[in-house]
Amino acid sequence: MSTATHTMTIDGKAVTAAATINAVNPATEQVVGTAPDCSREQLDQAVAAARHAFSAWSATPLNERRAVLGRMAGVLAANAATLGELLSQEQGKPLAKAQEEVLISAHWCAEVAKLPLEPDTLADTPDSLVQVHRVPIGVVGAIVPWNFPVALAFFKIAPALLAGNTMVLKPSPLTPLTALKFGELLRDALPPGVFNVVSGGDALGPWMTAHPGIDKISFTGSTATGRKVMESGAATLKRLTLELGGNDAAIVLPDVDVNAVAPLIFWGAFANSAQFCLAIKRLYIHDAVYDRLSQALAKLAGSVKLGAATEAGVELGPVQNKAQFERLKGLLADCKAQGLRLLAGGEVAQQPGYFFPVTLVDNPPESSRIVQEEPFGPILPLLRFTDIDDAVARANASPYGLGASVWTADEAQGLAIGRRLQAGTVWVNEIHTISPIKPMAGHKQSGLGVEQGEDGLLEYTLPQTVSLKRGGQASGAGA
Ligand code: NAD
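Structural notes, computed from the coordinates. All values reported here derive from a predicted model rather than from experimental measurement. (Residues numbered from 1 in each chain as written. Predicted model: local features only at pLDDT ≥ 70, side-chain atom pairs only at ≥ 80, totals over all residues. Heavy atoms only, no water.)

Comments concerning the overall build of the protein chain
Let me state the cut-off plainly: Helix and strand assignments follow DSSP, with helices taken as H or I runs no shorter than four residues and strands as E runs no shorter than two, numbered in order from the N terminus. A radius of gyration in this sense is built from C-alpha atoms; the matching globule rule multiplies 2.2 Å by the number of residues raised to 0.38. Residue exposure (1.4 Å probe, protein chains only): buried if accessible area is under 20% of the type maximum, exposed if over 50%, otherwise partly exposed. By definition in these notes, contact holds between two residues if any of their heavy atoms fall within 4.5 Å. Shrake-Rupley sampling with a 1.4 Å probe provides the accessible areas, and residues are treated as covered by the protein chains on show and by no other component.
What the protein chain contains, in helices and strands, is 15 helices and 22 strands. The C-alpha atoms of the protein chain give 24 Å as radius of gyration, which agrees with the globular expectation for 479 residues (23 Å, within 12%). Dimensions of the protein chain along its principal axes, counting C-alpha atoms only, are 75 × 55 × 40 Å. Residue burial in the protein chain is summarised as follows: out of 479 residues, 57% are buried. The contacts of the protein chain with a sequence gap of at least 6 include a subset with a gap of at least 24, amounting to 72%. In the form shown here, the protein chain has an accessible surface area of approximately 19100 Å², with 55% of it arising from carbon and sulfur atoms.

Structure (structure tokens):
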């Protein structure tokens, strides 16, 4: 177990700070390592290093930047075991899942490196050439949460650097160690200053969003914090990408094969201990299959192995932090106070660690907190419906619009219903098949802008339109 002090990466160098913050293993509540608490002056140094590195990095030929991303993928893959172990200790997820997250991040770097970024030619005639180039924005401040501390960081790092930006990354104070470690491992793969990692407490994020030397903030986290980021960034008119919360609905039609879909839906809701922005958070089940599907889900809930990251055969870890654990207990208490029936779970064991059992709530009223709020943990409302239009209306009656899914034997109907759902990502008979080429955009209060795919890459650029009058004669709009 690592209890080492990890270092920040500023201008390619290891940097410690006068103060430190602790990272806690949520399975044991023991400190697993300490991270520097970045001072304001150190943030200034990181931003200055990124600004200085920008001129050379943005002028580096695109193919060379593609090659650097390939090298970064190699570094991550080669260190997946070490990084995965550290991630599982500070985040709580099973070791195999933590290593998988590192390998997914390597895959992201390798695949994002292949995305097109060549100029668009709008006209190329004997008289004129009109091209739209995509120029980098400058210094990107990346702020990420604690649920997928590695993957969510590389969703930003890979496209931002490919486009020619430089970056200052801030992990969550709850999971700083793995980000500091990959910052350290990547020091030799990148020119100094191109990629900086700073860690710290609650003051650091607001310093970044207000910093005049940062040109864009790419943020993943809650909707409440996203609003603050937008407000703070307004003063310097920063470009923003906000990937925020969700309350994703799944709609199950009466024609499904219950046994086939039950495990897919179960893991669609509870993977990563349901600490997943795109987790199923409201499960609408047609009356004709409600009893059979809820029983199948309850059976899976009863047999899933909950435990510490390193336990053999463990499938779900604890929730990541005490505040989240207390919030979930509050939601459970609210369900009990309302007299709602629980089909699984509901009893939190008195033991060290933030272990919350998979809990299924039987058909709560639409107005209850468990339906209206994003739990971000393993407690799921099962909601009965008889009329599909009613289910679609209830699914859409949310301020969020991140993801949604439809489950049916009738593909055409599934697609038609899917298109009616107000969400940026819709799945039919599958879930969480996110990829470096599929754009992911939060609708409504789930976000601003896009991540992934060509659209996501363009978020790290500004269009620059260049028009040439051929033939040596100058001309203008007024000529
Ligand atoms: P959070 O908003 O509390 O924190 C996210 C990050 O923002 C952390 O690094 C935190 O230190 C920083 N931060 C906090 N206050 C800040 C401020 N005022 N200014 C700048 N930075 C600040 O979110 P969380 O609890 O860490 O993560 C859970 C939330 O993230 C859930 O709502 C979940 O749905 C959402 N999420 C969204 C996506 C997505 O892609 N849409 C992905 C994962 C998680």
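Things to note about the nonpolar core
Put simply, the rule is: Think of a nonpolar core as a cluster: buried Ala, Val, Leu, Ile, Met, Phe, Trp, Tyr and Cys residues, connected wherever their side-chain atoms sit within 4.5 Å.
Counting 114 residues, the largest nonpolar core has Met72, Ile157, Leu161, Leu169, Phe182, Phe195 and Leu283 as its most contacted members. Among the elements that line this core, the one with the most residues is helix H5 (residues 151–162), at 10 residues. The residues touching Leu283, leaving out its near neighbours within four places in the chain, are Ala250, Val252, Ile265, Leu297, Leu380, Pro381, Leu382 and Leu383. Formed by 28 residues, the second largest nonpolar core is a distinct cluster that contains Ala249, Ile370, Leu383 and Leu421.

Topic: the site of the ligand
The criterion, for reference: The rule for a residue being near a molecule or strand is that one of its heavy atoms must lie within 4 Å of it. By the criterion applied in these results, polar contacts are pairs of N or O atoms within 3.5 Å in which, for protein atoms, one can donate a hydrogen and the other can accept it, and in which residues neighboring in sequence qualify only through two side-chain atoms. In this count, Pro and Cys sit with the nonpolar residues alongside Ala, Val, Leu, Ile, Met, Phe, Trp and Tyr, while Asp, Glu, Lys and Arg are called charged and the others, Gly among them, polar.
The ligand sits among 29 residues. The nearest are Val144, Ser222, Thr225, Leu244 and Glu374. One of the side-chain nitrogen or oxygen atoms of Trp146 is found 3.1 Å away from an oxygen atom of the ligand. Against a free-state accessible area of 850 Å², the protein chains account for coverage of 87% of the ligand. Elements that contribute at least two residues to the shell around the ligand include exactly helix H7 (204–210), strand E10 (216–220) and helix H8 (223–234). Broken down by class, the residue content of the shell around the ligand amounts to 15 nonpolar, 10 polar and 4 charged.

Regarding the sheet that holds strand E5 (residues 120–124)
Definition in use: Strand pairing requires that DSSP identify at least two bridges connecting the strands. To obtain an axis, a line is fitted to C-alpha atoms, over the contacting stretch when the element is a helix, and the angle between two such axes runs from 0 to 180 degrees between their N-to-C directions.
The strand order across the open sheet formed by 3 strands is E5-E6-E22, and the pairing between neighbours is antiparallel. Looking at the sheet topology across the chains shown, the edges are occupied by E5 and strand E22 (461–469). Between one strand axis and the next, the sheet turns through 20° on average, direction left out of account. With 4 bridges joining them, E5 and strand E6 (residues 128–136) adopt antiparallel strand pairing. Within E6, the residue paired with Thr121 across the bridge is Gln131.

Focus on the pattern of salt bridges
Here is the rule: Here a salt bridge means any side-chain nitrogen of Lys or Arg lying within 4 Å of a carboxyl oxygen belonging to Asp or Glu.
Going through the model one piece at a time under the given rule, you end up with 23 salt bridges. Salt-bridge contacts for Lys156 lead to Glu451; the nearest nitrogen and oxygen are separated by 2.7 Å. With Lys156 in helix H5 and Glu451 in the loop between strand E21 (447–448) and helix H15 (453–458), this residue pair connects regions lying 295 residues apart in the sequence. The same class applies to Lys156 and to Glu451, which are both buried. Between Arg394 and Asp390 there is a salt bridge whose closest N-O contact spans 3.1 Å. Residue Arg394 and its partner Asp390 are both found in helix H13 (residues 388–396); the two are separated by 4 residues, about one turn of the helix.

As for the environment of Val406
Mapped onto the elements of the fold, Val406 is located in strand E18 (residues 403–407). The class for Val406 is buried, based on a relative accessible area of 0%. In this structure, the C-alpha to C-alpha distance between Val406 and Val252, residues 154 residues apart in sequence, is 6.0 Å. Filtering out sequence-adjacent residues up to four positions away, Val406 remains in contact with Ile251, Gly414, Ile417, Gly418, Leu421, Trp427, Val428 and Asn429.

Side note on the packing of aromatic side chains
Put simply, the test is: Any two rings among Phe, Tyr and Trp, with Trp reduced to its six-membered ring, count as a pair given centres within 6.5 Å; such a pair is stacked if its planes are under 30 degrees apart, edge-to-face if over 60, and tilted if neither. The criterion for a charge sitting over a ring is simple: Lys NZ or Arg CZ within 6 Å of the ring centre, and within 35 degrees of the ring normal.
Going through the model one piece at a time under the given rule, you end up with 8 aromatic pairs. On the numbers, 4.7 Å between centres and 55° between planes, the contact of Phe154 with Phe182 is tilted. Here Phe182 lies in helix H6 (residues 177–185) and Phe154 lies in helix H5, a separation of 28 residues in the sequence. Like Phe182, Phe154 is buried. Measuring from ring centre to ring centre gives 5.6 Å for Phe325 and Tyr354, while their planes differ by 40°; the resulting arrangement is tilted. Placement of the pair is Phe325 in helix H11 (residues 322–337) and Tyr354 in the loop between strand E14 (342–344) and strand E15 (359–362), with a sequence separation of 29 residues. Grouping residues by exposure puts Phe325 and Tyr354 together as buried. Taken together, the ring pairs connect Phe154, Phe182 and Phe195 into an aromatic cluster. Positioned above the aromatic ring of Tyr460, the side-chain terminus of Lys216 is 4.9 Å from the ring centre.

A short note on the sheet that holds E18
Either a parallel or an antiparallel arrangement is found when strands of a sheet pair, and the pairing is made through backbone hydrogen bonds. With respect to topology, 7 strands assemble into an open sheet ordered E14-E15-E16-E13-E12-E18-E19, the strand pairing being mixed. Two strands in the sheet have a free side with no partner beyond their single neighbour: E14 and strand E19 (425–428). When strand polarity is set aside, the average angle formed by the axes of neighbouring strands in this sheet is 20°. Relative to E18, strand E12 (residues 248–252) runs parallel, the two being bridged by 4 bridges.

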